[in-house]
Every structure is written in structure tokens, then in C-alpha cells.
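What follows is each chain in one-letter form.
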Amino acid sequence: MGFERDQAVPDDVMRRDFMRQLFAASAAAWMTSEPKSLFGTEPQRAENQTGVLRTEPTADACILLWMGGGMAAPDTFDPKHYIPFQKGLPVKEMLSTFPAIDTAVSGLRVCKGLESIASVMDRGTLIRSAVQEDLGSILHSRHQYHWHTGYVPPQTVACPHLGSWIAKVLGRRDSVIPPFINIGQRLEGVGESEELKAFTTAGFFGSEYGPMNLPIPIDAAKAVLPPVGMTDRRFSERRKLFERLLDASESRDQVSDFQTESILRSIDNAHELLSSKDRYAFDLSLEDEGSRRRYGDTRFGQGCLLARRLVESGARFVEVTTEYVPFLHWDTHANGHDTVARMHREIDTPIAQLILDLESRGLLDRTLVIIASEFSRDALIEGVPGSNAADQATEKVEVVSERKHYGLHRHFTGGTSVALFGGGVKRGFVYGKTADQRPLIAVEDPVTIPDLHATILSAMGISPQTGFEVEGRPFYVTKDGIGKPIKELFI
Amino acid sequence: MSCDIAFSQGRSLEGIDFSHDVVPVLRRHCGECHTGDQAKGGFSMNDRGLILRSSAIKVGLSSESDLINRLTDSDPDVRMPPGDRPALSKQEIEVLTQWVDQGLPWESGFRFDQQYYVPSLSLKDPLLSYDATGDRNPIDVILQRGLSSNTELEKQALTDSLFYRRVSLDLVGLLPDASELRDFVVDQNPKKRELLIDQLLANSADYSGHWLSFFNDLFRNDYAGTGFITGGRRQISNWLYQSLMGNKPYDVMASELIAPSSDESRGFIDGIRWRGEVSAGQTVEIQFAQSVAQAFLGINLKCASCHDSFVDQWTLDDAYGLAAIYADRPLELHRCDQALGRVAKPAWLFPALGQIDPGLDRESRLEQLAKLVTAPENARFSRSIANRLWYRMMGRGIVHPLDAMQSEPWNEELLDYLAGYLIEHKYNLQELLRLIANSDAYQSLSVQVPEDSSAGYRFEGPVTRRLTAEQFLDAVWQITGQGPTQFDAPIVQLGQAELDGDSHQFSASWVWGASASNGGVPAAGESLMIRRVIEVQSDLVAAAALVSCDNSFALFLNGVQVGAGDNWSEPTGVSIHPFLRTGENELVVIVTNAGTGPNPAGLFFEACLDYSDGVRERIVSDASWAVNGNVPVISNGRLGDFTGSWEPVTLVHALPVWEQALKQKGPFILQRILTNDRFLVRSSLMKNDPLMKTLGRPMREQIVSMRPESLTTLEAMTLSNGEVFAEILSLGARKLALQYSGATKKLVVDLYQSAYARAPNSAELQVAISYVGELAEEEKIVDLLWSIFMSPDFLLVR
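Residues numbered from 1 in each chain as written. Chains lettered and ligands numbered in written order. Predicted model: local features only at pLDDT ≥ 70, side-chain atom pairs only at ≥ 80, totals over all residues.

Asks: Just to check I follow, could you spell out the overall build of chain A for this structure?
Replies: Helix and strand counts for chain A stand at twelve helices and 19 strands. Of all 491 residues assigned to chain A, the portion counted as buried reaches 57%. A separation threshold of at least 6 residues defines the contact pool for chain A, and within that pool the share at least 24 residues apart is 75%. (Helix = DSSP H or I, 4+ residues; strand = E, 2+ residues; numbered from the N terminus. Buried ≥ 20, exposed ≤ 12 C-beta atoms within 10 Å, placed from the backbone. Contact = placed C-beta atoms within 7 Å.)

Asks: Looking at this structure, how should I read the overall build of chain B?
Replies: In terms of regular secondary structure, chain B is built from 30 helices and 18 strands. In terms of overall dimensions, chain B has a C-alpha envelope of 125 × 60 × 55 Å along the principal axes. For chain B, the residues scored as buried account for 47% of the 798 residues in total. The contacts in chain B between residues at least 6 apart in sequence include a share of 71% that link residues at least 24 apart.

Asks: I'm lost on the nonpolar core in this one. Help?
Replies: Considering soluble globular proteins, one finds that nonpolar side chains tend to be buried as a cluster. Counting residues in hydrophobic clusters, the biggest one holds 324 residues, and the most contacted among them are Ile166 of chain A together with Ala323, Ala544 and Leu603 of chain B. Beyond its immediate chain neighbours, meaning those up to four positions away, Ile166 of chain A contacts Cys62, Pro179, Phe180, Arg316, Phe317, Met460 and Ile462 of chain A. Of all hydrophobic cores here, the second largest spans 15 residues; its members include Leu26, Ile51, Ile57 and Leu104 of chain B. (Core = buried A, V, L, I, M, F, W, Y, C linked by C-beta atoms within 7 Å.)

Asks: I tried to follow the domain arrangement of chain B on my own but got confused; where do I start?
Replies: Quite often, the size of an interface is put as the accessible area lost when its parts meet. Along its sequence, chain B is organised into domain 1 (2–101), domain 2 (116–202 + 381–466), domain 3 (227–374), domain 4 (496–678) and domain 5 (710–797). Look at where the C-alpha atoms of domain 1 of chain B and domain 4 of chain B centre, and you get two points 87 Å apart. (Domains from an automatic or database assignment.)

Asks: What exactly am I supposed to notice about the interface of chain B and chain A here?
Replies: Taken together, the 75 residues of chain B in the interface contact 77 residues of chain A. When contributions to the side of chain B that touches chain A are tallied by element, the ones reaching two or more residues are α1 (2–10), α2 (18–29), α25 (713–721), α26 (723–740), α28 (762–772), α29 (778–789) and α30 (792–795) of chain B. In the side of chain B that touches chain A, the residues fall into 32 nonpolar, 25 polar and 18 charged. (Nonpolar A, V, L, I, M, F, W, Y, C, P; charged D, E, K, R; others polar.)

Asks: Help me out: how do you make sense of the sheet that holds strand β9 (residues 317–321) of chain A in this one?
Replies: Adjacent strands of a sheet pair through backbone hydrogen bonds, lying either parallel or antiparallel. Residues and elements named next belong to chain A. Read from one edge of the open sheet, eight strands run β8-β7-β9-β2-β10-β14-β6-β15, paired in mixed fashion. In this open sheet, the two strands that pair with only one neighbour each are β8 (212–214) and β15 (429–431). Across the sheet, the axes of successive neighbouring strands diverge by a mean angle of 15°, strand direction being ignored. As judged from the four bridges shared by strand β7 (residues 180–183) and β9, these two strands associate in the parallel manner. Paired with Ile181 across the two strands is Val318, which belongs to β9. Where helix α12 (residues 449–460) meets the sheet, it contacts β2 (61–66), β6 (124–130), β10 (367–372) and β14 (416–421), and its direction lies at approximately 165° from that of β10. (Pairing = 2+ DSSP bridges. Axes fitted to C-alpha atoms, helices over the stretch in contact; angles between N-to-C directions.)

Asks: Could you clarify how one ought to interpret the environment of Arg265 of chain A in this entry?
Replies: Residue and element names in this part refer to chain A. Among the structural elements, Arg265 can be located in helix α8 (residues 258–274). By C-beta crowding, Arg265 is classed as buried, having 24 other C-beta atoms within 10 Å. Between the C-alpha atom of Arg265 and that of Ser236, which follows or precedes it by 29 residues, the distance is 17 Å.

Asks: Can you walk me through unusual backbone geometry in this structure?
Replies: Both trends apply: most residues other than glycine have a negative phi, and most peptide bonds are in trans. Residue and element names in this part refer to chain A. Between Pro153 and Pro154 the backbone carries a cis peptide bond, its omega angle lying at 0°. Mapping Pro154 onto the fold places it in the loop between α3 (140–149) and α4 (162–170). For Asn335, which is not a glycine, the phi torsion comes out positive at approximately 55°. On the secondary structure map, Asn335 appears in the loop between β9 and α11 (336–360). A residue is classified by how many C-beta atoms lie within 10 Å of it, and Asn335, with 17 of them, is partly exposed.

Asks: I keep staring at the packing of helix α15 (residues 284–297) of chain B against helix α16 (residues 316–326) of chain B and nothing clicks. Help me out?
Replies: For any two helices packed against each other, the geometry comes down to the angle between their axes and how far apart the axes lie. Residues and elements named next belong to chain B. At their nearest, the axes of α15 and α16 sit 8 Å apart, and the two run at 110° to each other. By the angle between their directions, the pair α15 and α16 is classed as roughly perpendicular. Seen from α15, the contacting residues are Glu285, Ile286, Phe288, Ala289, Val292 and Ala293; seen from α16, they are Ala319, Leu322, Ala323 and Tyr326. Among the residues making up the contact of α15 with α16, the classes are represented as nine nonpolar, no polar and one charged. (Parallel < 35°, antiparallel > 145°, perpendicular 65-115°, else oblique.)

Asks: I tried to follow the packing of α26 of chain B against α29 of chain B on my own but got confused; where do I start?
Replies: All names here are of chain B. Between α26 and α29, whose axes approach to 8 Å, the crossing angle comes to 120°. Judged by the angle between their axes, α26 and α29 are oblique. Here α26 runs over α29; the crossing is right-handed. Facing Leu729, Ser730, Gly732, Ala733, Arg734, Leu736 and Ala737 of α26, the residues of α29 in contact are Glu778, Ile781, Val782, Leu785 and Trp786. A class-by-class count of the residues in the contact of α26 with α29 yields eight nonpolar, two polar and two charged. (Left-handed = near helix turned anticlockwise from the far one by under 90°.)

Asks: Please explain the environment of Asp113 of chain B as it appears in this structure.
Replies: As for its placement among the helices and strands, Asp113 of chain B is situated in the loop between α6 (90–101) and α7 (138–146). Sequence separation between Asp113 of chain B and Gln38 of chain B is 75 residues; the distance between their C-alpha atoms is 9.6 Å.

Asks: Explain helix α19 (residues 412–424) of chain B to me, please; I cannot follow it from the model alone.
Replies: What sets the pattern is the α-helix's 3.6 residues per turn: residues three or four places apart point alike. Residue and element names in this part refer to chain B. The terminal C-alpha atoms of α19 lie 18 Å apart, and with 13 residues this matches the ideal 18 Å at 1.5 Å per residue to within 8%. The set of residues buried in α19 consists of Leu414, Leu415, Asp416, Tyr417, Leu418, Ala419, Gly420, Tyr421 and Leu422. Lys426, located one to two residues past α19, shows a positive phi value of around 50°. (Expected span 1.5 Å × (residues − 1).)

Asks: Explain helix α21 (residues 469–480) of chain B here, please?
Replies: Residue and element names in this part refer to chain B. Counted at 1.5 Å a residue, the expected span for α21 with its twelve residues is 16 Å, and the 16 Å between its end C-alpha atoms agrees. Of all twelve residues in α21, ten are buried; the element is thus mostly enclosed. Burial in α21 covers these residues: Ala469, Glu470, Gln471, Phe472, Leu473, Asp474, Ala475, Val476, Ile479 and Thr480. Buried positions along α21 lie against α8 (160–171), α11 (204–218), α24 (690–694), α26, α27 (744–756) and α29. Downstream of α21 by a residue or two, Gly481 has a phi angle that is positive, lying close to 70°.

Asks: How should I be thinking about the confidence of the model for chain A in this particular structure?
Replies: All names here are of chain A. In this model, chain A carries an average pLDDT of 87, and 88% of its residues clear a pLDDT of 70 or more. Long-range and interchain partners of residues 1–33, a stretch whose pLDDT sits below 50, account for 39 contacts in this model, where long-range means more than four residues apart. Counted against residues more than four places away or in other chains, residues 40–51, with its pLDDT under 50, gives 15 contacts. (pLDDT = per-residue confidence, 0-100.)

Asks: Looking at this structure, I do not really get the pairing of β14 of chain A. What am I missing?
Replies: Look at any regular strand and the pattern is simple: side chains alternate between the two faces of the sheet. All names here are of chain A. In terms of residue burial, β14 counts as a mostly covered element, since six of its six residues are buried. Alternating residues of β14 divide into Thr416, Val418 and Leu420 and Ser417, Ala419 and Phe421, and every residue in both groups is buried. One ladder, built from five bridges, connects β6 with β14; its direction is antiparallel. Across the sheet, the residue bridging to Thr125 is Leu420, located in β14. As paired elements, β10 and β14 share three bridges and run antiparallel to each other.

Asks: Is there a simple way to think about the confidence of the model for chain B in this case?
Replies: Where the model shows low pLDDT, its predicted coordinates should not be examined in detail. Residue and element names in this part refer to chain B. Put simply, chain B has an average pLDDT of 87, and 92% of its residues get 70 or more. Mean pLDDT across the elements of chain B ranges from a minimum in α1, with 31, to a maximum in helix α13 (residues 250–258), with 98. Between residues 495–501, whose pLDDT stays under 50, and residues either more than four places distant or in other chains, the model counts eight contacts. Both confidence scores are given for the complex: pTM 0.77, ipTM 0.77.

Next comes the structure, spelled out in C-alpha cells:
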């Protein structure tokens, strides 16, 4: 079915490919706006081609499972005192709306509804003390911007997404799969979409460093197939026509300039992916029925499956989101308990399945899987204690009198859970702690966004002080280079 | 270079930040005696090597480093800083201690004695020396001096057609019209290039549609984007568009942006007001300082917004002073988000030219600033815009990058001449563009920027550039005849008004065959062919037809179906311009009555043909049309051979409901097509979309003065299999297939003319024709279009 690469490559095409490689470096050097590495490219650093600061990696690939909208830690990974729904329950007494269950790690408990994830907690580390800045007002996309770029918007330059930093510094693995793939988030037609686009970008690195957006996992194959209605055969015929016209043109015989070569190289790269076997990784229909079913018939579940296939085929950084849509999914401004129960069902099996599949394929040790969200939630407190952020709960009540009042409806930045699996982190380990009584703030080992990023980046072999010169100013992968990896998390 | 090894190894994960932590401490306490040309006690800290070569420091060992120990020495003769100077705080000592312990990390290239090039505030010798240059363009005179005697600018080598393509893309952002290009090439007028430049600049709609993108980037204006969601941002779109349409002087534009007299241009200084807290370096006041400095003066205050800049002369006080002009509240200085306990005083960057009166109210301060910025004495303003325009035309700034106007230009004389020229011409941007476009320098063969562009640039010709996202899309829309029919920008497009009014009066009659004569009622299912031959002159600029039929019709031009409709309550508009050829055209409408028994039937046809001289010709259905009952076979959208005889049509009495639908919707439909025919809906007027974003149109949250120059892999993928682009190609090919109806050679030649401004050579012609084939199927045309649009000859402006 798939189309084979044309083996009979004419000599002139070979020659041109050579020229293209020759010109690849110079084209990049020429780019006027190309950020320069802060640490130069002096000969002494020749072993380090990108000129950035590298550490010894413990992971080659990274999957970020993004719980967009604010995943309530007390209702997921950090259960507190549970009181079941009852009319007349004072909101200030509501901490967790799910009871706790045991996990594969003795002494570690998570919320009921996450049974499958509980069974794989012995493969990973749970951070319970992640904290975010309050920012004075909660706009999800703004906190997501902060989380994904490490910088609070607005910024004077377009900040790259974490995935773009990784793509820029590490590049592709030995595969033609683009280094930064973003699954599940629609960027058109959803609320705050402009704000989402603002951080779903390679920023000053330029679009070469992603993201490749695949909002609908089951349609992902389309992104690497010929256009709709075009057969593989015609797709390759079209490419040949392109080459033949190029060869026939007179300008082709004149100087082989590097702008031309750079254009042709990018077209080559694109076609390399569109005609390589790696593109089948994007096609979920090739996965057997049982396997697809195990991941669940949801966009997130299918996204996890897609992430697994892509990492298997050499992807570098993949984000899969439950999708942020204002007031939907994890964004519970009312009716929180019932919504979160649904979210449990949506994420529980696919995440556990992903961990197990990666493990059984021998990939988990070198793949860092992260579950994270822009902040947590609380029944009472908006932001952190003392915050002046406006309360955005849609049902402002002091006593639960209806089902829709039952849940955690405020945005809470004082203590959040982040789960890490594989990629060199400890197994069955818990780091940090939040208070057992409100306010449920991190009371041990708070982990800031720069430190969390530093931890992720260090696992990937990138120093948190890696930086580039942008408009004459140093710009670091963690804000001002201050991020410090949490060494205790690593094996 | 051993120090670099030490540096790289000495940088630990917990490292302190040299620029933010160490430099300020050293500057404050040690700078006066040990940096710049001062080296008291023979100790200079100007660069890392000097410090290492002294004995003041043992790398990695603060306890054994003289520099550290002397900070706390009890002996006042040994202690540093000496005498009555304040001692370092505990925290500051800790910073330096860590700095030594961590291997003395250093910012690459940083020196304390950095020599900044400081451009003079006034222009050099404005205009004087070039008055007597005769016919030679002053640009060429100046450039010639910089060239070695045996290098001539190769003006001759740039063909007329390549010149046309380049100048058209540069001035109006569009490809040349193929027939105008042909006329231009054969034109013997020695001044034809000059005339073409004038003609392009005079087309204000095209000019504005192009330069809108440049100014939207520069003033970070867009039709959608972050900030709008919370009402924290305002557009300046209509103000900007009208300014360009009227070629408003640039100093007036700048004044209206800095000190807006109406809300239309307020958006620029108000910036983006984010919900919640923002860092002190990104408040709206600081955004104001950054935007004004960057857009108008080519000064980057982003560093100085947080701390005194390490790379140029600007300080925190400068940034806050500028911000305070805009502020309507006391603005406390913050250094890297730490309050300094001082309130900023309104002041601007070049007090030598005058200063802001802090006692004035905000509006007056802004007016004062606008005057200072745009004063002819302020060469930073005129140089900055002259440099930007030069960059757009020539591919590389005279100062480069553009927002680093403190850097040394590669030709100071040239930059100042251009800036002076602008002032002389009252900031008429078109005059400067005209001057540049008319120079031999512009009209010479394009070159590559030397790969190592940092090592002394020398002008050898305009730099080959890539089409911007907007140029690319506009060109694709031009060639395929596909594109949006309505734009997003909230602007009032001129030219729309003149089409109004006139198109309201319809003069066509309702017609049918003989069955409707003498009060007869046509039978259900009756099908007829109604025909008329029309004569078209050569300079048609727009043509639209409005068709209504009870019950259905198919419209054919020269045997090819170009439109159809089956609902008289929704009259159909057809853009017939692409299908009309100069000379005779045969117009045929096949009409069919529906229903189960005899019922009223009628056809209404009214077309407007607009010519470049403003004449509008109307083609209307009336008694002169002919009807034929023998409807020929239609296959693949083409009309078969006619048989039978032609009779005059019968005029039908219109049903009131037919007329009502026409009156309500008809004028708007016609007008929209005519407007779109004449004014391509430009991509610059559309919201940013994934395709344009991929092609490098920025998000415009920040000022952007330079777009990416290379095509990336993801872009190539989007163009190779993206749905939006594929759809444009497919619809375009369908149209072309009908339009050329098998004339493959002509199709290939025309496509080459339009896309590359040249005819295909025989090899290209042969490859293309043999691929497309005589049948010229839609799919084959899609593939040809794709191959053309992806080729470097198309993607580059040479």
C-alpha cells in the first residue's frame, strides 16, 4: 500500500543533494535573525556543536501529558480529608471530593478513580509540592504560557515553548520525525485560542523548531500523507515534475546559491518524512484494534497512543493534552466533582497503558513522561492565601446545597502535583508535601517552574543555563538561568 | 584561549548570573578605578583575561583570592573599596565569592571598557554635495565612491521583466499582470522604468495593501491576537490603512501615534494591558517606552527596562524617564523587579534636542515628545525609517540589524543622505521609495549576502529575498484566481463607495422562449438555450454577472460552463472576468423550467464590464437575445455543437417575487464581485492563519522588523500536503482548466509569465506540456501549479 521511495535517483539529483548539505550550515549562519548561542562556538567546544551547555542525559525523549485547565491535586494525586457529597456541607470543610486509594507504592495514596495509574506509581516519582506564581489574576492561557515557556507574559520577545527549546538544542533523534509534536489542542475555534497560540510557538527560534500541531489524533496520518485525493503515486510524480522543471530552468545552471539550496533542502526534508516509513507512526489505523481499545476511545487516549507510536519511531518531544477549552474538562468552575470523575476515566487507563507499553518496549528508561497542569484547584481559595486575584467560581456559595456545588472550583497556585515516570527518575518516590489542612500549600520542598523545567531539561541533557543571545540580550531556557534541577529525583 | 576552557568548565548548574548579579556589583564598587582606562594599582577588570592574568584571583578558590579577601580585610589600607567609599554588603560579597568559586563565569564578548559607536544626533552634511550630480541618482554617486574603480553596478544585466517583477513586489507586493508586463518589455520609451515606478506608487490601494503588513509588524497591530480577549488592546487598523492610502507624511504618522488626537491611533501607545500582574519591565508604561524607542528610533530599550544595558549606553533611568512621559501615575523605578524607592521623572533620551516639561499634564507631555521625536534635528528618527525602507528594497539595512541603530552603518554618508532626503521631502515615504527604486543600485542584479556577513558588508547589489507570507499568498491568489472574498481588517476600503449607487438600477428584462409569448405559460421541464455574442475591449478591469432564473440555469462563456443556479430567490453572482477574452465572446444560458404543470418561467441576466478608463458597459438580457430549443449535449462542463435555429426571445412579465429578490440582494452581489475583481482581497487584510503563520507572518505581540528569511521544513510540509494550500491549488486548477480548455501550451506560457515574469524555455515547456498533456486535466494542472509555486524562482525576489 505504502509508496516506495524511487530508487532510481538520477545522478544530477545526487549531486544536488550533496550541494544542499554543503549549503545547509551556511544558510543557517546567514539568517539575520538567528539567535546566537551565548557561549559562542569557539573551537574548544567543537565537540559540542550547538554551543549550548549540555549535561549527561538520562532521557532521549519526553512526553508531556498536559492536564489543561487546572487539575485539582486534592482530587487526583494528593488526596486530603474526604467528605462525600451531602447537602449542607460547608464549602470551607471541603478538601477532597474523592476518597483515597492505595497504589503500588506502599504508603502512597491517590484518589479513587485513578486505579490504573495507582498501579504504575512504582514506575515513577510524584512531586506534590509544585508551586506557580499567582500573577494576580488567573487566566488559564496565561499560566499555561508561563508553564510552557518559563516566562510570564507579556515578554519583549516571542518566547519559545519548552518543546522548541528541546528541539532547538537537541534536534531530531535519528529519525525524520519532527522534534516537537503537539497533540490534542485545537488552536482555532476554541476560547482563548490567540492566547494559546502565543506560547504554542518556537518564538524567536523560528518555525523550524516546531511545533507540529496534531489536534485530532486519529487525523494525524493526514499530516504526513499526500493531500486529500492525491495518490502516493501522483505525489511522487508531482515531485518528479518539480525536479525536472527545476533541472530544465536556466537559473539552475548558473550559480547554485544557498538561498535556493536552503529552500530545496527544506522541501527535501519535508518529502523525506512524507515518503519515509516513519510516517506510519502517525497512522493510528495501523494499530491493532485491541491496542486502540486499551487506550480508550477519547481524543486524549488516542493522543497517548499516538505519542507512544511517535516516540517509538524517534520523536524527541511530544505533548499530549486533555485540551484546554474554557470551562470544560479540568477547568471546573462548577460541578467539579462530577467533571473530575469524568476526567479520571479519560486519563486513567491511557496514561497507565502508555507507561506499561513504553516499559514493555524497553523505552521507559530513556523516555521521561510528565503529568502536569498549570495549577491546582481548591474549594475556597483563589490563587494563594492572600492573593488579590478575582474569584472566578461561577457558583459562589458557602454551603453545598446542590450537586453542582460539590467540587474544587477555585484556581489554586500554592501546591500542585506533578508526576514523572521513566527517563532516569526514581521509582516509587514521593517528593515534597502539601499541608493536610487548608491552605493546602506546599510545606516541604516547594518546586518552582524554573526548577521543574531545570529538572526536565537536565534529564534531557540540557543545562538550565543554556541561553541564546536575542536582540543583544541573553535569554535562558529557564528564567534568567536560575532553574536548578532537583537532584533527589534522579536514580 | 585557555580562559574559555576554564570558563566553560567552571560554569556549574547552580551558577550565578554574571550579567545580572556580578556586573552591577563590580560596576558599582570597582568600576571607577579598575575599568575603562582606569587601572589603579595596575589592576584592570575590563575583560576576564585581564583579571586572570592579575594575581587578584585564584579561580575556584575564593578563600585564596586577594580580591575577595580584601573586601573584608580589617586593615583600612588593604580593604577594598578604599577609604571612605561604602563597603560591599554581605549579599554583594557573597555574589563575588560565588562568582570566584564557580570559576569566574563571564558573558561571552562582554568587556567593561566596551566602546559603543555613538551615532551623531544630527545628519552629516545634508544634501549639499549631491545637488550637482546631474542625471545620476545620488545613491549611485555615493555608492560608486565606495566601490573599487573596476566594479560597475550591473544595471544592464537586470532584464526589464525581472525588474518589473522585483519592483512590483517591492512597491505593491503583487506580481506584474502578464499583459502589462508584455507591453512594458516592448515599450521603447527610455523612461519606462521611471514611469512604471510612478504608476505603481500611484496605485494607492495596491500600495497600501502591501505596506500595511510592514507597518502592522512595526506598530504591532493585528486584527486578532492576545490581549484582545480582555479588552486590553486596541487596533489602529483603519487609521493605518487610511494613512497609507493618503500617503500621510511619516512624521505626521509618528505624531499621531505618540500623541493620538483620536482613539483610532491610540492602540500603539496603549500597548497590551494584560489581566493580572506583569513584571515591572512589561507594564504598559514600559511597553510604551520600548515601542516608541524601537519603532521610531531603532533603539532597543528592552535591556534597559530591567537594568542598565550591558550592550549599549541606555540605562534604567532612560527607560523609566521615557515611560514616565506616558504614565498617569507615579512610576517607581524597578531594577529586575526590585523596587528602588525612586519615582521616575518624565524625560526623553536626547536632552540635547530639548526636554520634556515634567510639570505638564500627560497629553501635553506626549505632544512634546511627539515634537521631539519627529524634529528634523533628530536624525535618529529619519535615519531609522530610511534604514527600514532601504532594507525592504535592498534586503539588508545600512545599519543591520534594523533595531540596533546605535551600530555603525556600512555607509554613513548614504544613510544620512537618505534621511536628509526624507526630511527635504517632508517625510513623504513614497519619495524615498521612488529615489531608491530609480537608482542603478536597485536596478542591478541581485546578490547573495556573503556567508560571513559579520565581516564588513559591502554593497554589491540588492540581496535576494524571500517572498513574505503575504506576498506569497497574494501571488498565489493572483495566479489561481482564488482568494477570500471578504477581508477581516476593520477598515473602510476606498473605491467601494464609487461602486455603490450605480449598480442599483437594473435595466435587464426577463426573457424566455416562444412558449411565454401572448400570455402563454411555459411547460414544466421546458429547456432552452438563450444566447448573445458580446464584444470585449482590451482593458477590462472587472466583470460580474448577476443571473436569476425561474427555475434553473447554467451559464456558458465560449462553450465553458462558468456558473449555475436553481433558486430565483437567491440570485447568482458570477465573476466572468477570467473567462472573457478581448474581442468576441459567446454567452449562452441554458434555462430549464421545473414543476409538474405549466408555470411561469424567466431568465434575468445583467452584467457589468468595467474598463480601466472608468467606463462601465452593461450587458443585459433584452429583446436582442436569441433562443433555441435544441439544447446540445453538455459533457465535462462543455457545450456541444448547436443544431436548430435561433429565434428572438420573448420578453416576459416579471413576477413581483422575482423582482423583489433581485432588488434586495442583487446590487450587493454585483458590487462585491466587481470590488473583488478590481481590488484583490489582500492577505494583509486577513487575520493571521496557520498557513500565513507557518510562512513567517509574526504574531505581532512584539514589534517585528525583520521576517525569517529561510523556508523551514515545517513550512515545506504545510505547502506539500496542507489542506488549505491544496484547496487553493485545486480550485485554481479547475478554473484554469475551464479557462484554457485544452490550450496547454498557452496555459504553461501564461503561468510562467505570471509566476516568474518570463517565458518558459523550450526544455521547461516540453516538460510541462508533456506532464499536463493535451487534455489538461485538473489534477495535472494542480501538480504544475504546485511545482511552480514551490520553485526558488517563484519564492525568491531576485
